[in-house]
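Commentary on secondary and tertiary structure
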Amino acid sequence: MRLGDLPDQELRAALHRAADLVADYLEGVGDERVLPDLRPGEIAARLPAAAPAEGEPLDRILDDFETLIRPGVTHWNHPGFLAYFAISGSGPGIVGETLAAALNVNAMLWRTSPAATELEERVCDWLRQMVGLPPEFRGHINDTASISTLLALAAARHRVPGLEVRERGLAGRTGLAPLVVYGSDQAHSSFDKAAMTLGFGLENVRRLASDSRFRMRPAALHAAIATDRAAGRLPVAVVATAGTTSTTSVDPLDEIAGICQREGLWLHVDAAYAGSAAICPELRSLFRGWERADSIVVNPHKWLFTPIDCSVLLVRDPRRLVSAFSLVPDYLASGEEQVTNLMDLGVQLGRRFRALKLWMVIRAYGVSGLEARIREHCRLARRLAEWIDAEPEFERVAPVPFSTVCFRWLAGATPEEGDRLNERLLEAVNAAGPVFLSHTRLAGRYVLRIAIGNLRTAEEHVQRAWEIVRRSAAALA
Ligand code: PLP
């Protein structure tokens, strides 16, 4: 048996074929159904139950990729993918991912890849400048916003005087006041998950009722903090959102920052989706006040055309993260001073070279190219909002500050019947094939949601989505 890796020629041939597969896929993805027409278990049933005893040629495996795997994916790269927040597998991002896989560095320490560490610091600083944040913010890359928010709240917890949770933990301690965190009822569920993980407990997550435009109400925040303090609880942090998941509403960040400052609370801004839009000067004012935050998360893998995963956590004082997380066993002591060891900034030790793809994306499109693409998505969303507003059978149910539109079909004799009909409408639209939309609930009602953010989505795709919605509604009626 031959040991070692593939023969060079075989690898080269497979990479050339993979390059063609990628290019052909992206060229033709728009002709596919967005959602595969499959029942659960159908793919698994076509796969052997056990691993092959002998190695197989890569060509055969790539054949199976084409026949077995590709038909079973949901096409996030499809221009009709308008559900959730989009992720673009953009050309430069794909090239960056490929090269990162080849280098396969683990950027845990500066020494284990100086280029990965220094490029990560540099591209995060580019992003900081692009979105107009002051130079004191320092960024690093995590896999997801969920982890970035978890790390931010861990740093907030670590800052609480006398808590010493790092040494003493939380369980079994008497006389410890409950630690409370605040967000609106529109904050993402990753906020609750972080509170569960960090021992705050869901009971101590205050989900404040938002206003009629789905924004946190500062007066409610103020009152909740006062109530908790009066009851002997310990307010720790506020998670404000710039671009909520359901409607993309923006909490009044400046007022919230003022409250956090007065109350000594950590302010984390979840700008996972909308943060990238601050690249556009005309949208920057929506973020007023975020420069006063302690931490901010922006996901280039949402609306900056970078393949998943890539989430940038910007922290005003990175020493807060370091003091919460740095732990250097003998075998990881590197002796270098004046360097960043990325392992010090969070839970994980090993980390991928994610900065490479972000670097390629930013360089390939340039700031002006990124700005123009985001601006176009916002224009498309406004256009869609106009079409909905002009249609008496539909109601737009939230403002459109960015590129996501929420609306409801005005059907059914009661609100509950309306919910059921809107749910059936969404099923019918998604079953049609060319588009994939999502839903949410607002003020208790089921609403449809179109989120534009894929690099390949153009006006014709949004128009088609709207036509399918109208046609499907007419058919159901
Ligand atoms: N925050 C907001 C506002 C989101 O919309 C999402 C996901 O859509 C997240 C956080 C979680 O993102 P991730 O999947 O990167 O953890």
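The model shown is predicted, which means the values in this text are computed figures rather than measured ones. All chains use their own residue numbering, which begins from 1 and follows the written sequence. At least 70 in pLDDT is required for a residue's local features to be given in this predicted model, at least 80 for side-chain atom pairs to be given and counted, and no such filter applies to totals for whole chains, interfaces and linings, which use all residues. The basis for the side-chain values is all heavy atoms of the structure; hydrogens and waters are excluded.

One heavy atom suffices: a residue is near a molecule or strand as soon as one of its heavy atoms comes within 4 Å of it. With respect to spatial proximity, 13 residues lie near the ligand, and among them Ala145, Ser146, Thr245, Asp270 and Asn299 are the closest. We define a polar contact as two N or O atoms separated by no more than 3.5 Å, with the added condition that, inside protein, one atom must be a possible hydrogen donor and the other a possible acceptor, whereas residues neighbouring each other in sequence contribute only through side-chain atom pairs. Between the ligand and Thr245 there is a distance of 2.8 Å, counted from an oxygen atom to a side-chain nitrogen or oxygen. Asn299 is positioned with one of its side-chain polar atoms (N or O) 2.9 Å from an oxygen atom of the ligand. About the coverage of the ligand: the protein hides 86% of its 400 Å² of free accessible area. More than half of the atoms belonging to the ligand lie within 2 Å of the grid points that define the largest pocket. If you list the elements that add at least two residues to the shell around the ligand, you get helix H6 (145-159) and helix H11 (300-303). In this classification, Asp, Glu, Lys and Arg are treated as charged, Ala, Val, Leu, Ile, Met, Phe, Trp, Tyr, Cys and Pro as nonpolar, and every other residue, Gly included, as polar. A breakdown of the residues in the shell around the ligand according to their chemical character gives 3 nonpolar, 8 polar and 2 charged. Note that accessible areas follow from Shrake-Rupley with a 1.4 Å probe, and for residues the cover is restricted to the protein chains shown. Cavities and pockets were defined on a 1 Å grid built from protein atoms only: a cavity is a group of points that admits a 1.4 Å probe but offers it no way out, a pocket is an open group of points flanked by protein on both sides within 12 Å along at least five of seven lines, and a lining residue is one with an atom within 4 Å of any such point. The way we define it, a molecule is inside a pocket or cavity when more than half of its atoms are within 2 Å of that pocket's grid points. Comment: elements are numbered from the N terminus, with helices defined as DSSP H or I runs of at least four residues and strands as E runs of at least two.

Let's shift gears to the sheet that holds strand E11 (residues 445-451). Read from one edge of the open sheet, 4 strands run E8-E9-E11-E10, paired in antiparallel fashion. The strands lining the two open edges of the sheet, one partner per strand, are strand E8 (394-396) and strand E10 (438-442). Each neighbouring strand pair of the sheet contributes to a mean axis angle of 40 degrees, computed without reference to strand direction. In this sheet, strand E9 (residues 404-409) lies alongside E8 in antiparallel orientation, the contact comprising 3 bridges. The residue bridging Arg396 from the neighbouring strand is Phe407, located in E9. In what follows, residue pairs with any heavy atoms lying within 4.5 Å of each other are defined as contacts. Here the axes come from fitting lines to C-alpha atoms, over the contacting stretch only for helices, and the angles between their N-to-C directions go from 0 to 180 degrees. Across the sheet, helix H13 (residues 355-389) lies against E8, E9 and E11, angled at about 15 degrees from E9, the strand it touches most. Between any two strands, at least two bridges found by DSSP are needed for them to pair.

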